[in-house]
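Secondary and tertiary structure notes
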Amino acid sequence: MPVQLTEKDMQLFNLLADFGIMRLDQARIVYGEVSRYHIRRIERLSASGYISRSRGYIRLTKKSEKLLDKLPLRIQKRRYKEQALTVDFFQKFTSFCPQWKFIPSIIPKRRGII
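Keep in mind that this is a model prediction, so the values were computed, not measured.

1. Quick notes on the side chain of Asp18
Along the polypeptide, Asp18 turns up in helix α1 (residues 7-19). We classify Asp18 as buried; its relative accessible area is 16%. Look past the residues within four positions of Asp18 in its chain and what remains in contact with it is Lys70, Leu73, Pro104, Ile106 and Ile107.

Below you can see the structure in the form of structure tokens.
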């Protein structure tokens, strides 16, 4: 049965495009503080080929990249752990200052601003 993509799924895809990867537990940023919903949802997205799961990390696949209007960030496997720290920082920053917008440094670099 095909997965019906939700607005929250698209938010997750956009975050994954910006950060490259995130840990499973970090998907709560999008799906809210629920006990297991985010894990079940990621399992469905993974089974449908929208997300790749590897060693507790999730990332976009070609199928989900086609749905976005931006170029996703690619992270080398050896950098997964340190990149997940960036997502932790984003999570803390947005909970502390929700009116501010956090932009990963790679985005201005891609646009030629930095």
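2. Observations concerning the environment of His38
Relative to the helices and strands, His38 is located in helix α3 (residues 37-47). Sequence separation of His38 and Ser95 is 57 residues, and the distance between their C-alpha atoms is 18 Å. Beyond its immediate sequence surroundings of up to four residues, His38 is in contact with Leu24, Asp25, Ala27, Arg28 and Tyr31.

3. Details of the nonpolar core
Among the nonpolar cores identified, the biggest contains 23 residues, and Leu12, Phe13, Leu16, Met22, Leu45, Ile51 and Ile58 are the most heavily contacted of them. The set of elements that each furnish at least two residues to this core consists of α1, α2 (28-31), α3, β3 (57-60) and α5 (80-96). If sequence neighbours within four positions are ignored, Met22 has contacts with Leu12, Leu15, Leu16, Ala27, Gly56, Tyr57, Ile58 and Val87. In this structure, Ile21, Leu73, Ile75 and Tyr80 belong to the second largest nonpolar core, which totals 6 residues.

4. Quick look at the packing of aromatic side chains
For the structure on display, the rule yields 6 aromatic pairs. The ring of Tyr50 is capped by Lys63, whose NZ or CZ atom sits 4.5 Å from the centre of that ring.

5. Digging into the pattern of salt bridges
Within this structure, the stated rule accounts for 6 salt bridges. Notably, a salt bridge pairs Asp88 with Arg23, separated by 3.1 Å at the nearest N-O pair. Separated by 65 residues along the polypeptide, Asp88 in helix α5 and Arg23 in strand β1 (residues 22-23) bring together distant segments of the chain. A relative accessible area of 17% places Asp88 in the buried class. Judged by its relative accessible area of 23%, Arg23 is partly exposed.

6. A short note on the side chain of Arg41
Among the structural elements, Arg41 can be located in helix α3. Sequence-distant contacts of Arg41, defined by excluding residues within four places in its chain, comprise Val3, Gln4, Leu5, Thr6, Asp9 and Tyr31.

Cut-off values and rules
- Residues numbered from 1 in each chain as written.
- Predicted model: local features only at pLDDT ≥ 70, side-chain atom pairs only at ≥ 80, totals over all residues.
- Heavy atoms only, no water.
- Helix = DSSP H or I, 4+ residues; strand = E, 2+ residues; numbered from the N terminus.
- Buried < 20%, exposed > 50% of the residue type's maximum accessible area, 1.4 Å probe, protein only.
- Contact = heavy atoms within 4.5 Å.
- Core = buried A, V, L, I, M, F, W, Y, C linked by side-chain atoms within 4.5 Å.
- Phe/Tyr/Trp six-rings, centres within 6.5 Å; stacked < 30°, edge-to-face > 60°.
- Lys NZ or Arg CZ within 6 Å of the ring centre and 35° of its normal.
- Salt bridge = Lys/Arg side-chain N within 4 Å of Asp/Glu carboxyl O.

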